[in-house]
Amino acid sequence: MEKTVRNQVFTLQGFYFLTFFGVGSLYPLLSVYLSESVGLNGYQIGTIMSIGPIMMIFFQPVWGMVSDTTNRPTQVLSFTSLVAGIFALGYLVTDLYYGILLTAILVAVFQSAIIPVSDSISLKYTSKVKYNYGNIRLFGSLGFGVAVYVMGKLSEGFIGPTIIFYTFFICLVLSAVLAFRFPKERASAKLDLKAGMKELFGLKKFLIFLVVTFMVFGPNLANNTYFGLFVEDSGGTYAGIGLAFLIAVLSEVPFMRIAGSWIDRFGLLSVAALAGAASMIRWLFYFTEPSLWLVYSSAVMQGLAIGLFVPAGLRYIREITPAHITATAVTIYSAIGNGLGNWFSTFVGGFILETFSIYAVYLFFAFLSMIGILLCFVLMKEEKKQALAY
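Here is a short report on the structure shown in this document. (Residues numbered from 1 in each chain as written. Predicted model: local features only at pLDDT ≥ 70, side-chain atom pairs only at ≥ 80, totals over all residues. Heavy atoms only, no water.)

This paragraph deals with the overall build of the protein. Within the protein, the regular secondary structure consists of 17 helices and zero strands. Its C-alpha atoms give the protein a radius of gyration of 20 Å, within 12% of the compact-globule value 21 Å for 390 residues. Along the first, second and third principal axes, the C-alpha set of the protein runs to 65 × 50 × 40 Å. Relative to its full complement of 390 residues, the protein shows a buried share of 54%. Look at the contacts in the protein between residues 6 or more apart in sequence, and 85% of them connect residues 24 or more apart. Of the roughly 16,700 Å² of accessible surface on the protein, 68% is carried by carbon and sulfur atoms. Positive and negative charge centroids in the protein, built from 24 and 18 side chains respectively, lie 13 Å apart. (Helix = DSSP H or I, 4+ residues; strand = E, 2+ residues; numbered from the N terminus. Rg over C-alpha atoms; globule rule 2.2 N^0.38 Å. Buried < 20%, exposed > 50% of the residue type's maximum accessible area, 1.4 Å probe, protein only. Contact = heavy atoms within 4.5 Å. Areas by Shrake-Rupley, 256 points an atom, 1.4 Å probe, with all protein chains shown as cover. Lys, Arg positive; Asp, Glu negative; His and termini not counted. Charge placed at Lys NZ, Arg CZ, Asp CG, Glu CD.)

All right, on to unusual backbone geometry then. A positive phi angle is found at Glu289, which is not glycine, with a value near 60 degrees. Tracing the sequence through the fold places Glu289 in the loop between helix H13 (268-287) and helix H14 (292-298). We classify Glu289 as exposed; its relative accessible area is 51%.

Right, let's get into the environment of Ser31. Tracing the backbone shows Ser31 in helix H1 (residues 3-38). Remark: the alpha-carbon pair of Ser31 and Gly303, spanning 272 residues in sequence, is separated by 23 Å. Dropping the residues within four chain positions of it, Ser31 is found in contact with Ile45, Met49, Thr225 and Leu229.

It is worth spelling out the pattern of salt bridges at this point. Pairing of side chains with opposite charge becomes possible as their charged atoms draw close. Following the criterion strictly, the structure yields two salt bridges and no others. Residue Lys204 pairs with Glu382 through a salt bridge whose shortest N-O separation is 3.4 Å. Note that Lys204 is positioned in helix H10 (residues 204-233) and Glu382 in helix H17 (residues 358-389), a separation of 178 residues in sequence. Overall, the relative accessible area of 14% leaves Glu382 in the buried class. (Salt bridge = Lys/Arg side-chain N within 4 Å of Asp/Glu carboxyl O.)

Between H10 and helix H15 (residues 301-320), the shortest axis-to-axis distance is 11 Å and the interhelical angle comes to 155 degrees. By the criterion of interaxial angle, the relationship of H10 to H15 is roughly antiparallel. The way H10 lies across H15 gives a crossing that is left-handed. Between H10 and H15, the contacting residues are Lys205, Phe206, Phe209, Val212, Thr213, Val216, Phe217, Asn220 and Asn223 on the first element and Gln302, Ala305, Ile306, Phe309, Val310, Gly313, Tyr316, Ile317 and Ile320 on the second. Along the lines of polarity and charge, the residues of the contact of H10 with H15 split into 12 nonpolar, five polar and one charged. (Axes fitted to C-alpha atoms, helices over the stretch in contact; angles between N-to-C directions. Parallel < 35°, antiparallel > 145°, perpendicular 65-115°, else oblique. Left-handed = near helix turned anticlockwise from the far one by under 90°. Nonpolar A, V, L, I, M, F, W, Y, C, P; charged D, E, K, R; others polar.)

Shown next, in the form of structure tokens:
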């Protein structure tokens, strides 16, 4: 690898590590902070934690258009990273529900640009220089896992839980600096969303798989909000929460590496169904109120669930949609899973938490996952029917 490419790769890897370190510092422990330090109830926590996915649905396309229109994705990325970090300090100046809600909205508006814009730059650059994008994105998972573990330990020390907000701020400021050193790539091609969506919504398999993503991936993302509360309710400390997240997130790495060979061997929908089954089993297990050491042991199930579903889902979407609208399909797919599914699972989970318990939240997640698995089998039947027709 030539020196210029190697330096750009290091820059991209550093950006992903810092960005996800910041995100891992804040969100997994935020729900615990809001519950223990601020004293908010389940409804309020669920509403605040669901703000991010809602903003993602509406503002990701906006930032994409700004990036394309200005043809300055690196500047957009640097600006949004910096502003999101600054607004996060708002959590330190208020303990009122509506003040915290406003802070969450402001952070989410600007943070919603970071991953899609950085992904589009990274994907285009790695494709051009023939480098594996996964070796860059891997640093994001590493940063997230290490952050939750480290912040969990620091939150229990003399610094206290407010360290999560300072860390998020520092990491995103450093990310903003690195973004200026990114390769000068356009964020993405302009999409004819209106025409593309009309064609996509006529594809039955695409629509069904959107529901699968909503049911399976949504709860997995919402788990980032409730897992800390679950570990705490099981007897864990801030450090224990960090350890559980570290085990869960790092377990994704080996499964992402083998996902391609499993997909080739067993098929996309079979792997997606397996990921859904792993999720459902994990959520049902949590509903039984297991002991803390069993919670730590079972956290590796996240690797099987997310590590398989992410590559299988994206590849399936690419295979079932015409090439000229694949970009539009991926945009909608991301909005449904990362945005709408995450929001729904987080928001409803807040009501269930307040009315019943954290364990009931995971029973709800298991029910959603079961629907997703059943729909995978519906799609398998649909594909067999099409194969016989040819």
